[in-house]
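Spelled out, the chains give:
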Amino acid sequence: MIIPLSSPSITDLERRYVADAINSGWISAAGEYVTRFEQMLAGRIGRKHAIAMTNGTVALEAALLALGIGAGDEVIVPALTFVAPAAAVRSVGALPVFAEVYGNTWNISAGDVARMITPRTKAVIAVDVMGHSCNYKALQSVVGNIPIIEDAAEAHGAKYQGAYAGSFGVVSTLSFHANKSISTGEGGALLTDDDDIAQQVRLLMNHGMTRERPYWHDVVGHNWRMTNLTAAIGCAQLERWDELIAARQQVADWYDDALGYLFRETQLWRRPLAADCDEACWLYTLHHQDRGRILNALHTVGIDARAIWPALCDLPLYVESCRQDCVSARHISNGAFWLPTSATMTQSDVEQVAEVLCAAFV
Ligand SMILES: *Cc1c(COP(=O)(O)O)cnc(C)c1O
């Protein structure tokens, strides 16, 4: 039995659009699919601007640069996340400062953000971790004029108080990596309602070059453009948004049904959810203090379950970013693990995984 952690859902629609992009001859970033992808994405999330980029990490870098953040500045980042937000802050020369996460949602704690703010704090990156939005009302009430950058890379389709993840930051970012719920292989996007930020990002991601004056550069730019081929896959995935999000949620519901007994009878628990959030399950996540034994049982039969990331405060590379011991982030990190989750999984796949999991408890 081989069940991968995640596999993309690619249909004839994606194949047809990619073939069309190839046949059109427009294979780099100038192409109709890029524009269409951006318009569809802005419409879906409800933002004025959506800018397609090469991946979600550079979208974060672009957000930071467009907000004028650099050397000497601090940016507050949750201690429990994939590393990209912290790395993006370092890439622009600023210092990430870690804030604790709530034990009951696993998202960045507004109270701890308030404690970590200093005169150097120039932004807060709120990560909608594993398909669950942050408490933006609480965050807004503590940040004052400090902008929130929302990293919604893992939260396509998640909602907070009825609005989509990706609509909450002054700038929000998405990833379309192969293991994300909506995927273009590699890919990312930056979302904002601010015309100046959008213009600045378009300048920075395109070699610092304006249409008005080609080959004249006032700023050091980058090449962070998404290709038309990638956007062609993206257009198909965005057309299938509801189907792809619902399929993953169905997998989560099947897991919930199959594991209900373990939740009642053992110390196994599912990642907690807040009442005003509609989770969009990215990877189905569990927690148990004896995680190693469970993962071994799954690996032995070819099921690719995985331990989640270490708490960032435990990475030696980021020792300077720790102004406190992030006990809650570490506790979650030490016990949490992902089960295989994909839109392509069947109920029988889910039941096989659940069966092995249940057997690990007897
Ligand atoms: C996947 C991910 C990213 C970045 O994604 P890439 O597109 O792979 O660069 C950023 N932040 C979080 C929280 C992620 O999970």
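Everything quoted here is computed from the prediction, not taken from an experiment.

Asks: So what exactly am I meant to see when it comes to the pairing of strand E1 (residues 49-53) here?
Replies: In summary, the side chains of a regular strand alternate between the two faces of the sheet. Burial runs high along E1: 4 of the 5 residues are buried. Taken together, the 5 bridges between E1 and strand E9 (residues 188-192) define a ladder with antiparallel strand orientation. Bridged to histidine 49 within E9 is threonine 192.

Asks: Which parts of the structure should I look at to understand the packing of aromatic side chains?
Replies: Using the criterion set out here, one finds 11 aromatic pairs in the structure. With 5.6 Å between their ring centres and 75° between their planes, tyrosine 164 and tryptophan 241 make a pair best called edge-to-face. Linking tyrosine 164 in strand E7 (residues 163-164) with tryptophan 241 in helix H9 (residues 241-265), this pair joins segments that are 77 residues apart in sequence. Under the relative-accessibility criterion, tyrosine 164 is labelled buried at 16%.

Asks: Hey, could you run me through the sheet that holds strand E6 (residues 159-160) in this one?
Replies: Backbone-to-backbone hydrogen bonds pair the strands of a sheet. The strands run either parallel or antiparallel. On the basis of which strands lie adjacent, the open sheet formed by 3 strands has the order E7-E6-E11 and antiparallel pairing. If you trace the sheet from one side to the other, it starts and ends with E7 and strand E11 (277-278), each paired once. Here E6 pairs with E7 via 2 bridges, running antiparallel. Within the sheet, the bridge partner assigned to lysine 159 lies in E7 and is tyrosine 164.

Asks: Hey, could you run me through the site of the ligand in this one?
Replies: Lining the immediate environment of the ligand, one finds 14 residues, of which Thr57, Asp151, Glu154, Ser175 and Lys180 sit closest. Measuring from a nitrogen atom of the ligand, one finds a side-chain N or O atom of aspartate 151 at 2.6 Å. One of the side-chain nitrogen or oxygen atoms of glutamate 154 is found 2.4 Å away from an oxygen atom of the ligand. Comparing atom positions with the cavity grids shows the ligand to sit within the second largest pocket. In terms of residue class, the shell around the ligand is made up of 4 nonpolar, 7 polar and 3 charged.

Asks: For this particular structure, what's the right way to read the nonpolar core?
Replies: For soluble globular proteins, nonpolar side chains are generally found buried alongside one another. Of all hydrophobic cores here, the largest spans 50 residues; its most connected members are Met53, Leu64, Phe98, Ile125, Leu190 and Val201. Those elements that provide at least two residues to this core are E1, helix H3 (56-66), strand E2 (74-78), helix H4 (84-91), strand E4 (121-127), helix H7 (195-204), helix H11 (327-335) and strand E14 (336-339). Considering each element in turn, this core owes the most residues, 7 residues, to H3. The contact partners of isoleucine 125, leaving out residues within four places of it in the chain, are Leu60, Leu64, Val75, Ile76, Val77, Pro78, Pro85, Val89, Ile108, Ile149 and Asp151. In terms of nonpolar packing, the next biggest core, distinct from the first, is built from 32 residues, Leu174, Met226, Ala236 and Leu238 among them.

Asks: What's the story with the side chain of aspartate 151 in this structure? I'm lost.
Replies: Within the element layout of this structure, aspartate 151 appears in strand E5 (residues 148-151). The buried charged residue aspartate 151 lacks any salt bridge partner; its closest oppositely charged side chain belongs to lysine 180, at an N-O distance of 6.9 Å.

Asks: I would appreciate a short explanation of the layout of surface pockets in the present structure.
Replies: In this approach the atoms are scanned with a rolling probe the size of a water molecule, which exposes any empty space left behind. Volume-wise, the largest pocket comes out at about 790 Å³. Surrounding the largest pocket, 24 residues form its lining, Arg202, Leu203, Asn206, Met209 and Arg211 being those nearest its centre. Among the elements of the structure, helix H2 (32-45), E1 and H7 are those that each provide at least two residues to the lining of the largest pocket. By residue number, the principal contributor to the lining of the largest pocket is H7, which donates 6 residues.

Asks: What should I look at first to understand unusual backbone geometry in this one?
Replies: With glycine set apart, most residues show a phi of negative sign, and most peptide bonds adopt trans. You will see that methionine 130, though not glycine, has its phi angle at about 50°, which is positive. Along the chain, the position of methionine 130 falls in the loop between E4 and helix H6 (136-143). The exposure class of methionine 130 is buried, given its relative accessible area of 1%. One non-glycine residue, tyrosine 215, adopts positive backbone phi at about 65°. Take tyrosine 215: it is sitting in the loop between H7 and helix H8 (228-239). For tyrosine 215, a relative accessible area of 68% gives the class exposed.

What counts, and at which threshold
- Residues numbered from 1 in each chain as written.
- Predicted model: local features only at pLDDT ≥ 70, side-chain atom pairs only at ≥ 80, totals over all residues.
- Heavy atoms only, no water.
- Buried < 20%, exposed > 50% of the residue type's maximum accessible area, 1.4 Å probe, protein only.
- Helix = DSSP H or I, 4+ residues; strand = E, 2+ residues; numbered from the N terminus.
- Pairing = 2+ DSSP bridges.
- Phe/Tyr/Trp six-rings, centres within 6.5 Å; stacked < 30°, edge-to-face > 60°.
- Near = heavy atom within 4 Å.
- Polar contact = N/O pair within 3.5 Å; in protein donor to acceptor, adjacent residues only side chain to side chain.
- 1 Å grid on protein atoms, 1.4 Å probe; cavity = no way out; pocket = protein on both sides within 12 Å on 5 of 7 lines; lining within 4 Å.
- Sits in = over half its atoms within 2 Å of the grid points.
- Nonpolar A, V, L, I, M, F, W, Y, C, P; charged D, E, K, R; others polar.
- Core = buried A, V, L, I, M, F, W, Y, C linked by side-chain atoms within 4.5 Å.
- Contact = heavy atoms within 4.5 Å.
- Lys, Arg positive; Asp, Glu negative; His and termini not counted.
- Salt bridge = Lys/Arg side-chain N within 4 Å of Asp/Glu carboxyl O.
- Points joined across faces, edges and corners; volume = space filled by probe spheres on them.

Keep in mind that these numbers describe shape and distance, not what the molecule does.
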